[in-house]
Amino acid sequence: MAPEIKFTKLFINGQFVDSQSGKTFPVVNPSTGKVICQVSEGDKADIDLAVEAANEAFKLDSTWRTMDASARGRLMEKLAGLMERDMHYLAQLETYNNGKPLKDAVFDIYGAIYALKYYAGWADKIHGQSIPADGNVFVVTRKEPVGVAGQIIPWNFPILMLAWKWGPALATGCTVVMKPAEQTPLTALYMAHLTIEAGFPPGVINVVNGFGATAGAALASHERVQKIAFTGSTAVGKLIMEAAAKSNLKRVSLELGGKSPIVVFPDVDLDKAVQTCHNAVFANMGQCCCAGTRTFVHESIYDQFVEKATELARKRKLGDPFGEVDQGPQVSELQFNRIMALIEAGKKEGAGLKVGGQRHGPEGYFIEPTVFVDVQDDMRIAKEEIFGPVQQIMKFSTMEEVIKRANDTHYGLAAGILTNDINRALTFSQAVNAGTVWVNCFLHVTAQAPFGGFKQSGIGREMGEEGIHSYLEMKTVTISMSKF
Amino acid sequence: MCLKSSPISPVPFRFDPISPPIQKENVDISVVNVARCLVGRCVVANSHFGSVFELQGCFSGILVRDPSFAMIRLLHRAANVKCNINSLVARCMSGAAPSSALPSPQTNPEILYHGIFINNEWHNAASGKTFPVYNPSTGEAIANVQAAEKEDVNKAVKAAQKAFKLGSTWRTMNASQRGNLLNRLADLMERDRVYLASLETLNNGKPYSAAYVADLELSIKCLRYYAGWADKVQGKTIPVDGSFFAYTRHEPVGVCGQIIPWNFPLLMQAWKLGPALATGNTVVMKPAEQTPLTALYVAELIKEAGFPPGVVNIVPGYGPTAGAAIASHMGVDKVAFTGSTEIGHLVMTAAAQSNLKRVTLELGGKSPNIIFKDCDLDHAVETAHFGLFFNQGQCCCAGSRIFVEDAIYDEFVARSVERAKKRNVGNPFDLNVEQGPQVDEDQFKKILALIKTGKKEGAKLLTGGQRYGDRGYFIQPTVFADVTDDMTIAREEIFGPVQQILKFSSMEEIVERANKTIYGLAAAVFTKDLDKAMYLSQGLRAGTVWINCYDVLEAQTPFGGFKMSGIGRELGEYGLQAYTEVKSVIVKVPQKNS
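Given the structure is predicted, the values throughout are model-derived calculations rather than measurements.

Peer 1: What is the right way to look at the UniProt feature "active site" (unreviewed entry) in chain B in this model?
Peer 2: Residue and element names in this part refer to chain B. Cross-referencing UniProt, the feature "active site" (unreviewed entry) maps to Glu362 in the present numbering. As for its position among the elements, Glu362 is in strand E15 (residues 358-362). Glu362 gets classed as buried once you look at its relative accessible area, which sits at 4%.

Listed below in structure tokens is the structure:
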């Protein structure tokens, strides 16, 4: 049953409006490749309007600026409550548009709700300091919202990424102009609608659908946007930062790609380890920036591991994401083609294809769970982000070696180690260049713990207390005092 | 049933601009008004007060005749919006009828719970004893409550210890889920807000309007505030010398004994439960023997919210029996007490003589309120009046020493007397009433005796000084002028509606005089002069300094005393410290790196 599509326009200043150009673009159901609906296509002119609304909402003495911080938190709680109420519909819509299995969509929405609730709690706990400065002065710092925040989010976790962006922005009192991914704008538009019901003042949250090269670029280079937050590929991250640099030096935070290592030592329960590594790469059709796509297995258990991993991949259930399946389609034809090309490259460069490697089914963008063994560090599939259901299993023999190999990448988003040896765990977690290190788990992402990348996997952190910082400006107030 | 008032969905900040402006004389102020405040409900201010407020941001408007009425302060505080008190620019209420009004009180709220609450169940006292609880407006007994003593406290502590055991539901729960439970408790208090405010008024005597607008509002907000902290109590990783990996865990202290007073029964309960539960402790709480009823009702809400059995236990009873048993219990890891300095000494002694349990105390005060001649006089008179008379003068942080600069002393005194004379005393369920009875006969007698002492020692009694009415424990709003520092009424906490106005002439003098007290809970300064404000905010030895305001007690800012006004702080992030133990974990690693 296809969920009803209720909102397809741009959301600016509390209202759904057509784009200035009148243009629309199609949104596709990746399970079938068929068009779901047309949505308004925003570009520079629409971004200008949204930014104006966001600036107006951010004006001194505005409703939003004069509101108690605790009341901002209450609004966010309210929004989270509305998501709980509409969970079923939101999950259906997410699955319809993104292709992820329904149970995964529900999981994502819970994650989004937790993120909003978590940041709701921060709203009135963002403390400046009073400072014992030299001289006869009184010094305090105020942590003020940075202003209008541009936020560009990806298509792999549409609602979750929205919540990760809105949470800290709203808790700190910023206003938002968000561009959802052109592949998956539908849940973002429904969320925009919920913000009215929750009671956010108009202009605080704006959502402009559109393409990166037009709407996204307009946002990143806008003179009146004070901060840009982007989640997506490293290539586009560079463009964003460049646009910020060339325009108004807006603050930049980036969550980009990864090629995250997951290292398996022999002192673990093998079945559990295989399962953890399987989930690390295949979750969400492999479309996770922090996917564990370089599986380093100790030589003493390598062959056993490969057999079990192959078996698990073979058992993975593909099909209609509204059914009882583990895996739906990739998000788009473009992604589908990219992944198939990389699989071909893997085969050509000599990696051993154990299972998968083919399209699944006659329609939609389904790819069989694929396992490569005997993968070498210099192969393309060991270096490039595939963003699909393709597992690379490599062999290692010593800790020293594996640390070096794990770090031999321009990415640094996440890493994992499976071992019950405390020294190995601590040595690796210290040595690996990654923003998140999971020990005996993987992809365990929570609202409380910061997430983000070393090196070219990004700049700044989201989630946790750390996630607030990129939405704040620090103001130092120094007051000279007289003596009596 | 009376308890199930419909849940009110919070719809904050729908800004309804009001138009067109209307003429003041055209406004029917009998039941005016008003405002959609932060939690999304409206408050009626009555004909007693009426001039026009313009409240920006989240109120549609508010019409009040008498800008000095303390309710304004409460409303203002509840909403924390800008309010231009002196603006008489009338803005129409007619086009923007309030969507709901301050709901009428239940003047005879049913008393549902009078037992001892242990393990989410109601128990009778082991001794079989009960004690009477009174309505201070009439002096009549309204309920008999089970009198917990040592044996009952033992039972409660056992339940709390069990709930705190490693591997228990409570200990293994996600921190965010503890926060959800606290939010749920706040939701239930919102649902039953009318009933709770009514019961508070019946048992404590405070005006229903204040109970509803201030006590309930602040209690609910306090619980929500600490709900947010639950999963944000963070330890640190530490770059320790040597090849080690070191980090801290902020763990709950364990079983917390909490002894709360009668002046703000619900609010003090929230202040205590919020940080204790957010950080994962278990609680044995003794409400004041005068006012156990709302605490017991909240116990039932705690169960309804879904807290596991034994996490919160409530043992109504007297200080020397139940209170002493908590303070000296070997199985209680921490005791938090709010009350008099005299009892604070006993609680700390008991902790010292038993198991060195951690102690936090919020005790008495004799807080100075310093008024400079350059202040906004209307605002200062009204706020000083509010700072003393609010809650029948029964605030530990009451501004009970008002120091006024000599140049404006006479005018300040005259206006304060005029204001006190207008103070509306009477049945606390009447929405026009600003002041109800004192909480009990003991307090009533003690205050009247101190008034007598004031007269005897030569202070000038300008208004009040007598009992009000012929039943209940009402006392007339009382103002003393020409009070000097050595008089008893300038040194001792009166805890009643008795205002002392003293005179000062220089900055050097005022710092010394303001600080010349065993107390250090709060202080205030009224001035427009930045230097004076800054200088005094440093010079005053008090846990809270208010500048051009008074009694701003929001969940975000810490509150507590210097000197003999207490130990430790409640509220704010600081309020978490008393409920956590810091554990350093140090792990040897093969080789340390930065």
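Peer 1: Would you mind going over the UniProt feature "active site" (unreviewed entry) in chain A with me for this structure?
Peer 2: Residues and elements named next belong to chain A. As recorded in UniProt, the feature "active site" (unreviewed entry) lies at Glu255. Within the fold, Glu255 resides in strand E11 (residues 251-255). The exposure class of Glu255 is buried, given its relative accessible area of 4%. With residues near it in sequence (within four places) discarded, Glu255 still touches Phe230, Thr231, Gly232, Leu413, Phe451, Gly452, Gly453, Ser457, Gly460, Arg461 and Glu462.

Peer 1: Even after reading the chapter, I still don't get the interface of chain B and chain A, so can you show me in this structure?
Peer 2: One frequently used descriptor of interface size is the decrease in accessible area upon assembly of the parts. Counting residues at the interface gives 39 residues for chain B, matched by 33 residues for chain A. For the pair chain B and chain A, the interface holds one salt bridge. Put simply, Glu190(B) and Arg74(A) hold a salt bridge, and the shortest N to O gap is 3.8 Å. Run the count over chain B and chain A and you get ten residue pairs in polar contact (both at pLDDT 80 or more). Those elements that place two or more of their residues in the side of chain B that touches chain A are helix H4 (175-191), helix H6 (208-229), helix H15 (507-515), helix H16 (530-539) and strand E24 (580-588) of chain B. In terms of residue count, H16(B) provides more of the side of chain B that touches chain A than any other element does, six residues in total.

Peer 1: Got a minute to help me understand the side chain of Asp86(A) in this structure?
Peer 2: All names here are of chain A. You can see Asp86 is positioned in the loop between helix H3 (69-85) and helix H4 (87-98). Classification of Asp86 by relative accessible area gives buried; the value is 10%. For Asp86, the residues in contact, after removing those within four places along its chain, are Tyr190 and Leu194.

Peer 1: Would you take a moment to explain the nonpolar core for this structure?
Peer 2: Soluble globular proteins tend to pack their nonpolar side chains together in the buried interior. One finds Met83(A), Trp166(A), Phe200(A), Phe307(B), Ile371(B) and Phe412(B) to be the most contacted residues of the largest nonpolar core, which totals 212 residues. Considering every element that reaches this core, the biggest residue donor is H6(B), with 14 residues. No fewer than three residues from each of domain 1 (10-256 + 457-476) and domain 2 (260-439) of chain A sit in this core. Aside from chain neighbours lying at most four places away, what touches Phe307(B) is Asn120(B), Trp170(B), Leu181(B), Leu182(B), Leu185(B), Leu277(B) and Ile302(B). Membership of the second largest hydrophobic core comes to 29 residues, among which are Val263(A), Phe296(A), Val375(A) and Ile381(A).

Peer 1: For this particular structure, what's the right way to read the UniProt feature "domain: Aldehyde dehydrogenase" (unreviewed entry) in chain B?
Peer 2: Summarizing the sequence annotation, UniProt attributes the feature "domain: Aldehyde dehydrogenase" (unreviewed entry) to residues 122-585 of chain B in the numbering used throughout. Along residues 122-585 of chain B the backbone is 41% helical and 19% strand, and the end-to-end C-alpha distance reaches 41 Å.

Peer 1: Just checking my understanding: could you explain the UniProt feature "domain: Aldehyde dehydrogenase" (unreviewed entry) in chain A for this structure?
Peer 2: Under the feature "domain: Aldehyde dehydrogenase" (unreviewed entry), the UniProt entry names residues 16-477 of chain A. Along residues 16-477 of chain A one finds 40% helix and 20% strand; the C-alpha atoms at either end are 41 Å apart.

Peer 1: How do you make sense of the side chain of Thr248(B) when you look at a structure like this?
Peer 2: Residue and element names in this part refer to chain B. Structurally, Thr248 is set in strand E10 (residues 244-252). Classification of Thr248 by relative accessible area gives buried; the value is 12%. Polar contacts involving the side chain of Thr248 include one to the main-chain amide nitrogen of Lys236, which spans 2.7 Å. Sequence-distant contacts of Thr248, that is, excluding residues within four places in its chain, are made with Gly235, Lys236, Ile238, Val582, Lys583 and Ser584.

Peer 1: Hey, could you run me through the sheet that holds strand E18 (residues 436-439) of chain A in this one?
Peer 2: Either a parallel or an antiparallel arrangement is found when strands of a sheet pair, and the pairing is made through backbone hydrogen bonds. All names here are of chain A. A sheet is described by the order of its strands in space; here seven strands give the open sequence E14-E15-E16-E13-E12-E17-E18, paired in mixed fashion. The open sheet terminates on both sides in strands that have one partner only, identified here as strand E14 (352-355) and E18. With direction set aside, neighbouring strand axes in the sheet form an average angle of 25°. Both strand E17 (residues 414-418) and E18 contribute to a ladder of four bridges, which runs parallel.

Peer 1: How should the domain arrangement of chain A be read in this particular structure?
Peer 2: Residue and element names in this part refer to chain A. The domain boundaries assigned to chain A delineate domain 1 (10-256 + 457-476) and domain 2 (260-439). One C-alpha centre belongs to domain 1, the other to domain 2; they are set 31 Å apart. Approximately 2,100 Å² of surface area, both sides summed, lies buried where domain 1 meets domain 2, with 58% of it carried by carbon and sulfur atoms. In this structure, the connection of domain 1 to domain 2 is made through zero salt bridges. Counting every contact that joins domain 1 to domain 2 gives eight residue pairs in polar contact (both at pLDDT 80 or more). With four residues, H4 is the single largest residue contributor to the side of domain 1 that touches domain 2. Split into classes, the residues belonging to the side of domain 1 that touches domain 2 amount to eight nonpolar, twelve polar and six charged.

Peer 1: It is not clear to me how the sheet that holds E10(B) should be interpreted in this structure. Could you clarify?
Peer 2: Residue and element names in this part refer to chain B. Pairing is antiparallel in the open sheet, where three strands are placed in the order E9-E10-E24. The sheet terminates laterally at strand E9 (237-238) and E24, the two strands that pair on one side only. Bridge count for E10 against E24 is nine bridges, and the pairing is antiparallel. Paired with Glu251 across the two strands is Glu581, which belongs to E24.

Rules and cut-offs
Residues numbered from 1 in each chain as written. Chains lettered and ligands numbered in written order. Predicted model: local features only at pLDDT ≥ 70, side-chain atom pairs only at ≥ 80, totals over all residues. Heavy atoms only, no water. UniProt positions renumbered as here; feature names shortened; annotations may be inferred. Helix = DSSP H or I, 4+ residues; strand = E, 2+ residues; numbered from the N terminus. Buried < 20%, exposed > 50% of the residue type's maximum accessible area, 1.4 Å probe, protein only. Contact = heavy atoms within 4.5 Å. Salt bridge = Lys/Arg side-chain N within 4 Å of Asp/Glu carboxyl O. Polar contact = N/O pair within 3.5 Å; in protein donor to acceptor, adjacent residues only side chain to side chain. Core = buried A, V, L, I, M, F, W, Y, C linked by side-chain atoms within 4.5 Å. Domains from an automatic or database assignment. Pairing = 2+ DSSP bridges. Axes fitted to C-alpha atoms, helices over the stretch in contact; angles between N-to-C directions. Buried area = accessible area lost by both parts, 1.4 Å probe. Nonpolar A, V, L, I, M, F, W, Y, C, P; charged D, E, K, R; others polar.

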